[in-house]
Amino acid sequence: MARSTPEKEPGRFKQMWQVFQMTRRSDPGITWYLILAFILPVAVAIVLAVLFGGNVIGMILYIVTGVLAGVLLVLVVLGRRAERAAYSQIAGQPGAVGAVLKNGLRRSWIGNEEPIGFSPKTKDAVYRAVGRAGVVLIGEGPRSRTQPMLDKERAAVARLLPNVPVTLLYVGPDVDSTPLHKISRSLNRLPRKLTKAEVIQVDKRLSSVAKVKGF
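Since this is a predicted model, take the numbers as computed values, not measurements.

## Remarks on the pairing of strand S5 (residues 166–171)
The sheet contact formed by strand S4 (residues 134–140) and S5 spans six bridges and is parallel. Each residue of the ladder has a partner; that of Gly 139, found in S5, is Tyr 170. At this point the chain moves from S4, through helix H5 (residues 143–160), to the parallel S5, and the crossover so formed is right-handed.

Structure representation (structure tokens):
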């Protein structure tokens, strides 16, 4: 019996091309963003080379640095636009916030893809993230329906941890809601109130209470 050979994983450049193609389907302007991201550092490097290069070697070093900076900036822009495109494909679907909390948070935050509050009828949900800013409760759905759910969870956290700040975020169809791709940025902009050790203790306390309640 012939052994089946494992399929080769696509190379780095092929993976980048696939990411680019996927992003371009929902973000047609990505091509121009990437062109500008590459050209600007190179153009700046050329101007600096002419003004301060001094000799041929100095000019070459400036230009090479500009090219490397351009490539790096292209990767950064592609990564961010690809993440935004991926989130736009799941926006409005139940569990979208959970996907962001599972894959899109920095290490300083502890999030869970499972909601702590859920309405079987409307599919609205409340998610929780714990970080240096305290506890953040995120409502997924129209604000008019998620507000009572968020208020209930905020009151529960306040009873359990009265000295821990609680912030509310709204992700839904409302005009002032936070888009999926801005959840992580919004969390990181909150003022830090807790130490890293306190973050771990707060998360353990909340998780232990949830287990007792059978959540």
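Now, onward.
## Comments concerning a positive patch on the surface
A contiguous patch of positive charge on the surface is contributed by Arg 80, Arg 84, Arg 106, Lys 182, Arg 185, Arg 189, Arg 192 and Lys 196. Its place among the elements puts Lys 196 in helix H7 (residues 196–213). Accessibility expressed as a relative area gives 65% for Lys 196, which makes it exposed.

## A short note on the side chain of Ser 177
By the secondary structure assignment, Ser 177 is in the loop between S5 and helix H6 (183–188). In this structure Ser 177 touches Tyr 170, Val 171 and Gly 172, once residues within four positions along its chain are discounted.

## Focus: the packing of helix H2 (residues 30–52) against helix H3 (residues 56–90)
Where H2 contacts H3, the axes come no closer than 8 Å and their chain directions differ by 160 degrees. Classified by the angle their axes make, H2 and H3 are roughly antiparallel. The handedness of the crossing between H2 and H3 comes out as right-handed. A breakdown of the residues in the contact of H2 with H3 according to their chemical character gives 22 nonpolar, two polar and one charged.

## With respect to the nonpolar core
Membership of the largest hydrophobic core comes to 18 residues, with the highest contact counts inside it found for Val 97, Leu 101, Trp 109, Ile 138, Leu 180, Ile 183 and Leu 187. Sorting the residues of this core by element identifies helix H4 (96–103), strand S3 (125–131), S4, S5 and H6 as the ones contributing at least two each. Sequence-distant contacts of Ile 183, that is, excluding residues within four places in its chain, are made with Val 97, Val 100, Ile 138, Val 171 and Thr 178. Ranked by size, the runner-up nonpolar core spans 15 residues in total, among them Val 126, Val 130, Val 157 and Val 199.

## Points about H4
Those residues of H4 that fall on the buried side of the exposure criterion are Ala 96, Val 97, Gly 98, Val 100 and Leu 101. On the buried face of H4, the contacting elements are H3, strand S1 (110–111), S3, S4, S5 and H6.

## So, the packing of helix H1 (residues 12–26) against H2
Where H1 meets H2, the closest approach of the two axes is 9 Å, and the angle between their N-to-C directions is 125 degrees. When the axis of H1 is compared with that of H2, the two are oblique. Within the contact between the two elements, H1 uses Phe 20, Thr 23 and Arg 24 and H2 uses Ile 30, Thr 31 and Leu 34. When grouped by side-chain class, the residues that make up the contact of H1 with H2 number three nonpolar, two polar and one charged.

## Here's the deal with the pattern of salt bridges
Overall, the coordinates contain five salt bridges when judged by the stated rule. A salt bridge links Asp 27 to Arg 81; the nearest nitrogen and oxygen atoms lie 2.8 Å apart. On the criterion of sequence distance, the pair formed by Asp 27 in the loop between H1 and H2 and Arg 81 in helix H3 is long-range, its members being 54 residues apart. Of the two residues, Asp 27 and Arg 81, neither departs from the other in class, the shared state being buried. One salt bridge connects Arg 145 with Asp 124, and the closest N-O pair in it is separated by 2.5 Å. Of this pair, Arg 145 sits in helix H5 while Asp 124 is found in the loop between strand S2 (117–118) and S3, placing the two residues 21 residues apart along the sequence. In this structure Arg 145 comes out as partly exposed when scored by relative accessible area, which is 40%.

## Quick word on unusual backbone geometry
Backbone geometry at Lys 123 places phi at a positive 70 degrees, although glycine is not the residue there. Looking at where Lys 123 falls in the secondary structure, it is placed in the loop between S2 and S3. Residue classification places Lys 123 among the partly exposed positions, given a relative accessible area of 43%.

## Re the side chain of Arg 81
Its relative accessible area of 18% is what places Arg 81 among the buried residues. Apart from the residues lying within four places of it in its own chain, the contact partners of Arg 81 are Thr 23, Asp 27, Ile 30 and Tyr 33.

The rules behind each value
Residues numbered from 1 in each chain as written. Predicted model: local features only at pLDDT ≥ 70, side-chain atom pairs only at ≥ 80, totals over all residues. Heavy atoms only, no water. Pairing = 2+ DSSP bridges. Helix = DSSP H or I, 4+ residues; strand = E, 2+ residues; numbered from the N terminus. Right-handed = clockwise from strand over helix to strand, strands pointing away. Patch = residues over 30% accessible without salt bridge, like charges linked within 9 Å, V, L, I, M, F, W, Y side chains within 5 Å. Areas by Shrake-Rupley, 256 points an atom, 1.4 Å probe, with all protein chains shown as cover. Salt bridge = Lys/Arg side-chain N within 4 Å of Asp/Glu carboxyl O. Lys, Arg positive; Asp, Glu negative; His and termini not counted. Charge placed at Lys NZ, Arg CZ, Asp CG, Glu CD. Buried < 20%, exposed > 50% of the residue type's maximum accessible area, 1.4 Å probe, protein only. Contact = heavy atoms within 4.5 Å. Axes fitted to C-alpha atoms, helices over the stretch in contact; angles between N-to-C directions. Parallel < 35°, antiparallel > 145°, perpendicular 65-115°, else oblique. Left-handed = near helix turned anticlockwise from the far one by under 90°. Nonpolar A, V, L, I, M, F, W, Y, C, P; charged D, E, K, R; others polar. Core = buried A, V, L, I, M, F, W, Y, C linked by side-chain atoms within 4.5 Å.

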